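Residue-level listing of the chains:
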Amino acid sequence: MVIVTGLMLWRPAWFRLTTLPAAYAAEPLLRPVLGVLWLMPVLGWLANDSGVIVPAAALPFALPLGIAILAAAAYPPDQARYGESAPTRPTVSRR
């Protein structure tokens, strides 16, 4: 599973992923950041003598962070959704 995750980050086209290449195109530093998010628990797993406790401890933090980074980079807030144009500024009603 760890190797498959690393391959998905390295070669998303092999797995027919669409969000990851869009996010990589939007943010050039995203590939190294996600690579480090993957590499740190793997190195901790290899360095720790008690098994998978380091990746298990890092997973609750790294997984939501990775998903949030990908979602924010691939789908910016100014992008139109469902064919509608998104407002550029929030509307505030004054009384």
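Residues numbered from 1 in each chain as written. Predicted model: local features only at pLDDT ≥ 70, side-chain atom pairs only at ≥ 80, totals over all residues. Heavy atoms only, no water.

Chemist: Before we go on, may I ask you to explain the overall build of the protein in this structure?
Modeler: Assigned secondary structure in the protein consists of four helices and zero strands. Along the protein, from the amino end to the carboxyl end, the secondary structure elements read α-α-α-α. Within the span of the protein, comprising 95 residues, buried residues form 17% of the whole. Within the protein, contacts between residues separated by at least 24 positions form 47% of all contacts whose residues are at least 6 apart in sequence. Total accessible area on the protein is roughly 7800 Å²; 68% of this is exposed by carbon and sulfur atoms. (Helix = DSSP H or I, 4+ residues; strand = E, 2+ residues; numbered from the N terminus. Buried < 20%, exposed > 50% of the residue type's maximum accessible area, 1.4 Å probe, protein only. Contact = heavy atoms within 4.5 Å. Areas by Shrake-Rupley, 256 points an atom, 1.4 Å probe, with all protein chains shown as cover.)

Chemist: Would you take a moment to explain the packing of aromatic side chains for this structure?
Modeler: A ring pair, where both rings are aromatic, is described by two values, the distance of the centres and the angle of the planes. With the rule as written, the count across this model stands at one aromatic pair. Between Trp 10 and Trp 14 the ring centres are 6.0 Å apart and the planes differ by 75°, which places this aromatic pair in the edge-to-face class. Judged by relative accessible area, which is 56%, Trp 14 ranks as exposed. A cation sits over an aromatic face here: Arg 11 above Trp 10, 4.5 Å from the ring centre. (Phe/Tyr/Trp six-rings, centres within 6.5 Å; stacked < 30°, edge-to-face > 60°. Lys NZ or Arg CZ within 6 Å of the ring centre and 35° of its normal.)

Chemist: Please clarify how helix α4 (residues 53–74) should be interpreted in this entry.
Modeler: Residues three or four positions apart in an α-helix share a direction because the helix packs 3.6 residues into each turn. A rise of 1.5 Å per residue sets the reference length of α4, with its 22 residues, at 32 Å; its end C-alpha atoms lie 31 Å apart and thus fit the reference within 8%. Roughly 50° is the biggest bend found in α4, and it falls at Leu 59, with proline Pro 60 one to four residues downstream. Restricting attention to buried positions, one finds in α4 the residues Pro 55, Ala 62, Gly 66, Ala 73 and Ala 74. Considering only its buried residues, α4 is in contact with α2 (19–26) and α3 (30–47). (Expected span 1.5 Å × (residues − 1). Bend = angle between axes of the 7 residues up to and from the residue.)

Chemist: For this particular structure, what's the right way to read unusual backbone geometry?
Modeler: Excluding glycine, residues mostly have negative phi values, and the peptide bonds linking residues are mostly trans. Phi at Arg 16 is positive, roughly 60°, even though this residue is not glycine. The residue Arg 16 is located in the loop between α1 (2–10) and α2 in this model.

Chemist: Can you help me understand the environment of Thr 18 in this one?
Modeler: Inspection of the secondary structure assignment puts Thr 18 in the loop between α1 and α2. Of the residues examined, Thr 18 reaches a relative accessible area of 63% and is grouped as exposed. For the pair Thr 18 and Ala 74, spaced 56 residues apart in sequence, the C-alpha separation works out to 9.3 Å.

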